[in-house]
Amino acid sequence: AAEDLVAFDFAGRGSASAVADVLSRVLHLTQEEVFSNFDLELVTECQAPRPKGAKTDLCFDLMMSNEKVKVAATSGIDLAYGAAWYLRNMCNMSFSWNRTGGHQIEIPKKWPSVKERITRYRTVPISYFNNVVTFSYSYAWYDFAQWEAWLDWAALNGINVFIAYTGQEEIYRKTFNAFGVKDADFAEWSNGAAWLAWSRGQSMHGIGDHCGDACMPLPGSWMKMQWQLQKQILERSRSLGFVSVLPTFQGNLPPVFRQLYPHANISKSGAAWLDAVDPLFSQIQKHYMDIMIADWGTDHWYETDGYFNQQQGPWRLRAAGRRSLQQTSWQRPEDVPSDPEALAHAAAAYKSMNATDPKAIWLYQGWIWRGWGSDKLPFMKGFVSAVPPKHFVMLDMFDEVDPEWQKFHDFGYFGTPFIWSVLHNFGGNTGMWGSVPTLNSAPFAAFNATSNVAGTGAAPEGIDQNPFYYSFVTDLNWLQAPVDLNSWKDTWTLQRYGRDSQNAKDAFSLLLQSVYSNEHNSEAIKSLGGFFAEKNADGVTAMPLGTSEATPHQSWYPLSLAIEAWGKMIAAADEAGGTPLSQTMNYDLVNLGREVLSKISNDHFQKLLNATTADEVRVAGKSILNLLYDVDRLLCSDDGFLAASWIKDAIRWAAGNATLQRYFEMAARSVTTVWTPQAAGSSTITTLCDYANRQWAGQVGGFYRLRYLCYIQQAVEDFSSGQQVNKTAYDACVARSSYEWTHDFGASKYPMCFQSTGNALVLSKELFHRYAEQTFELQV
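How each quantity is defined
- Residues numbered from 1 in each chain as written.
- Predicted model: local features only at pLDDT ≥ 70, side-chain atom pairs only at ≥ 80, totals over all residues.
- Heavy atoms only, no water.
- Helix = DSSP H or I, 4+ residues; strand = E, 2+ residues; numbered from the N terminus.
- Rg over C-alpha atoms; globule rule 2.2 N^0.38 Å.
- Contact = heavy atoms within 4.5 Å.
- Areas by Shrake-Rupley, 256 points an atom, 1.4 Å probe, with all protein chains shown as cover.
- Lys, Arg positive; Asp, Glu negative; His and termini not counted.
- Charge placed at Lys NZ, Arg CZ, Asp CG, Glu CD.
- Buried < 20%, exposed > 50% of the residue type's maximum accessible area, 1.4 Å probe, protein only.
- Disulfide = S-S within 2.5 Å.
- Axes fitted to C-alpha atoms, helices over the stretch in contact; angles between N-to-C directions.
- Parallel < 35°, antiparallel > 145°, perpendicular 65-115°, else oblique.
- Nonpolar A, V, L, I, M, F, W, Y, C, P; charged D, E, K, R; others polar.

Undergrad: Quick question: what am I supposed to make of the overall build of the protein here?
TA: Within the protein, the regular secondary structure consists of 29 helices and 14 strands. On C-alpha atoms alone, the protein measures out to a radius of gyration of 26 Å, which is about the 28 Å that the 2.2 N^0.38 rule sets for 780 residues. Once the C-alpha set of the protein is aligned to its principal axes, its extents read approximately 75 × 70 × 60 Å. Taking contacts inside the protein between residues at least 6 apart in sequence as the whole, the part at least 24 apart equals 78%. Of the roughly 27,500 Å² of accessible surface on the protein, 50% is carried by carbon and sulfur atoms. A gap of 2 Å separates the mean positions of the 63 positive and 80 negative side-chain charges of the protein.

If you want it as structure tokens, here you go:
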């Protein structure tokens, strides 16, 4: 059984009453209405035996009992998933993130009866979600109401393990105080509120501290509010039965430690990393964990990454000595020797946790193993074998593109339990992407090839995109074999919209052949790399003469199929007969239009770039600016695509303080555009600009439009005088306009829609006629 892989029992966690509260919130029913129609119960086992493909006893039963729908399950999360299974499959409901259409709920006049008992088992015990950077790219401004909605979504989708990274700065502040670090030094060393993921563990510090107007060291009030928010998150998550994985100390120190502890083995320059073998490491870890567990309690799962050897931090690939993956020196895992240095450092890191919590289980993000050759196998073996069996779990986090477990003759991390996971999204980009056929095949290949798959899951850098893809990801944990994708797609559309629509089915059939196709995703991965292929730097968000992240990539799928799908989706929406569209239909209609128009914009971008005279620039420039204006109007018609929502969520944390309000708004506007704050008077573009680009209303019609204006004005001026485009002057204009937009507090200079406006169906018909029909004819 897969339970034997990890020293942890997932059964019996959570409570039926907490799950009833979820149903009350999501279905908008009173507690009395929930209990009068549903009988929810935690049990030790299900009534039907475990099927052959399942490797765990976690399960749910669904049946009728005293004229109520009875769900009996082995944990609170299994119970929530069982209830959701009934609501989805027998009541045609669906459950999604608020920014991707939310839940599709329609309460029946009479709840459908379960004619025969239904039993479902998980295939493996862990269903995992989150990435350490999701807490900056998506959750940065969440309040408890938003976390409550997220936890409800996660429970209904069967996720039972997630990393909980909120609020750790306050724990570190108190810990480092005890070692002589002043509050001011800690606040300046930390990144600003939008960039905390990277001061927590990627050698980037002080972002947002001293960058001119609106910048400041991390506010103490923010640290305390986030600490309190984490207490609420954990209280709720534990009541439902989640395993909340907490962060632990990984050697990352404020540089003042070099003066305070001159004899400690701390890196001499750059970011200060403490060697785990140094006694100071375990002393800091003990203090940190004592405070954290006293403040928040623990589920005994901890996440920490790195090599722990003070040479460099987590997530950094060491290039030295890499060789081709084909040059494998060992044919069997048992023949590989253990690197004593790796073993010593990983053992020290684990012992520092285990000394405070003897039940500690270490979850490790496997990103750093990517790209390693066979010469590094001894290091890896030493590292994973340093931790006692069943207490180390590897997150193989990019399996849809680059599965590590499969390399070196399916070595599978030398028997270490691992989670088969997709990463899928970088930076919270909003494009449509992801191979569903891969989801329907690759995990089952892993199940069949190795016995140490402990779970399935997803580690996206950002959420709020591609609900079609993530619905399959979360269901995957309960599938013992591949499914018929056409049938799955038809069921998904029925649940997504609450009605049977052939047009909607046809739309997603076309998307399965294009956007979500294995063949076309594979081609993109091979030609562009799984990383850059997904970065939707389309003409809508592109920057002339910019970096690769700001330059459109060739579409990896036949655009004609996506255009045809948009037409089918418009027809599906038209079936509503003038009644308001459901939130799910509205989002999907706008999202598909956004996808098509963003790909069409690539041609407009290229024409602008190819223009060699002032008149040609004026014509091409007018064309791309008109398209951006239209895309912005379309995005304004759905709540899920408003930059203003992200900004308003950030400002809310200021609680009326004008200085903090400017700080939070600048941070929110910056991270999804220029990434690091654009300084006043600077003439250069920020290094990570466009990494986290978003096709959001207000951002498309504001930030990206301003950059195009810079190019058009500069090109017209230079071409008129017979010169090439002055890139230095152009970059200075982009830097200046970037500063203006990211510091446009209250959108006083560059207006944006602060709530959804316009009719998505009317706009879709207009823009389909204006842009898509002609492109479709050319494509065909």
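Now, onward.
Undergrad: Would you explain the environment of Lys-224 in this entry?
TA: Within the fold, Lys-224 resides in helix α9 (residues 220–240). Take Lys-224: its relative accessible area is 45%, and that puts it in the partly exposed class. Separated by 53 residues in the primary sequence, Lys-224 and Ile-171 place their C-alpha atoms 9.5 Å from one another.

Undergrad: Explain the state of the cysteines here, please?
TA: Structurally, a disulfide amounts to a covalent bond that connects the sulfur atoms of two cysteines. Using the criterion set out here, one finds 4 disulfides in the structure. Disulfide partner of Cys-710: Cys-733, at an S-S distance of 2.0 Å. Its torsion about the S-S bond being -75 degrees, the disulfide of Cys-710 and Cys-733 is classed as left-handed. Linking Cys-710 in helix α27 (residues 699–720) with Cys-733 in helix α28 (residues 727–742), this pair joins segments that are 23 residues apart in sequence. Bonded cysteines in the protein are paired 1-2, 3-4, 5-8, 6-7 when counted in the order they occur along the chain. Unpaired in terms of disulfides, Cys-689 finds its nearest cysteine sulfur in Cys-710, a separation of 12 Å.

Undergrad: For this particular structure, what's the right way to read the packing of helix α1 (residues 16–27) against α9?
TA: Think of two packed helices as two axes; the pair is described by the angle between the axes and how far apart they sit. Running from N to C, α1 and α9 cross one another at 110 degrees; their axes reach a closest spacing of 8 Å. Relative to α9, the element α1 lies roughly perpendicular. Residues Ala-18, Val-19, Val-22 and Arg-25 of α1 touch α9, and the partners they reach there are Arg-236, Ser-239 and Leu-240. Its residues placed into classes, the contact of α1 with α9 shows 4 nonpolar, 1 polar and 2 charged.

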